[in-house]
Amino acid sequence: MNEAAMIIAGAVACLGLSAAGSAFGTGFAASAAVGAWKKCYAANKPAPFILLGLVGAPITQTLYGMILMFLMFLKRDVAGAGIPCLILGIFAGLGIGLSALFQGRAAAAACDAQGETGQGLTNYFGALGIVETVAIFTMVFTIIALGKIG
């Protein structure tokens, strides 16, 4: 495989793994939000619209993967960048994607709790922010590593 192909493969792997995590995370959270809304409707309580904010939290990790993908594309003309970009893309995408997956699981629990009690929303978003920080750190440290290539 030539250098440019490895760079593109790493970049696409980064985006794909990040997006896969976002898909899993938003899917878990959306399922829980629907269940929470059903419980509210069954109890004749208003269904909290804010649950959509919890559902959407894991989608940002796809953006982080996209940012890294575009930065990796800039390394296409750098000699020796193929294998480092491939490795960075796979592991950064994995870290970012897992952050999204587990953020979605936490958001699912938050949807259930918010729907049932109507309380604690700030705490729930705070917890999701901590999980999000893993993805942000991964992106930033990967950008630093990309800067060292070439």
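Above this text you will find the structure in question.
I will try to describe carefully the structure that is included in this document. (Residues numbered from 1 in each chain as written. Predicted model: local features only at pLDDT ≥ 70, side-chain atom pairs only at ≥ 80, totals over all residues. Heavy atoms only, no water.)

## Quick look at the overall build of the protein
Next up, step 1: A tally of helices and strands in the protein yields five helices and zero strands.
Next up, step 2: Helices (α) and strands (β) of the protein occur, in sequence order from the N terminus, as α-α-α-α-α.
Next up, step 3: Dimensions of the protein along its principal axes, counting C-alpha atoms only, are 65 × 25 × 15 Å.
Next up, step 4: When each of the 150 residues of the protein is scored for burial, the buried share is 39%.
Next up, step 5: In the protein, of all internal contacts separated by at least 6 residues, the share reaching a separation of at least 24 is 87%.
Next up, step 6: Here the protein displays about 7700 Å² of accessible surface, and carbon together with sulfur accounts for 73% of that area.
Next up, step 7: For the protein, the distance from the average site of its 7 positive side-chain charges to the average site of its 5 negative ones is 4 Å. (Helix = DSSP H or I, 4+ residues; strand = E, 2+ residues; numbered from the N terminus. Buried < 20%, exposed > 50% of the residue type's maximum accessible area, 1.4 Å probe, protein only. Contact = heavy atoms within 4.5 Å. Areas by Shrake-Rupley, 256 points an atom, 1.4 Å probe, with all protein chains shown as cover. Lys, Arg positive; Asp, Glu negative; His and termini not counted. Charge placed at Lys NZ, Arg CZ, Asp CG, Glu CD.)

## Section: helix α1 (residues 3–42)
Next up, step 1: With 40 residues, α1 extends 58 Å from end C-alpha to end C-alpha; this agrees with the ideal 58 Å at 1.5 Å per step.
Next up, step 2: You can read the cap of α1 off the contacts: a side-chain oxygen lies 3.3 Å from the backbone nitrogen of A4, and it is on N2.
Next up, step 3: The positive-phi residue at the C-terminal boundary of α1 is N44, with phi of around 60°. (Expected span 1.5 Å × (residues − 1). Polar contact = N/O pair within 3.5 Å; in protein donor to acceptor, adjacent residues only side chain to side chain.)

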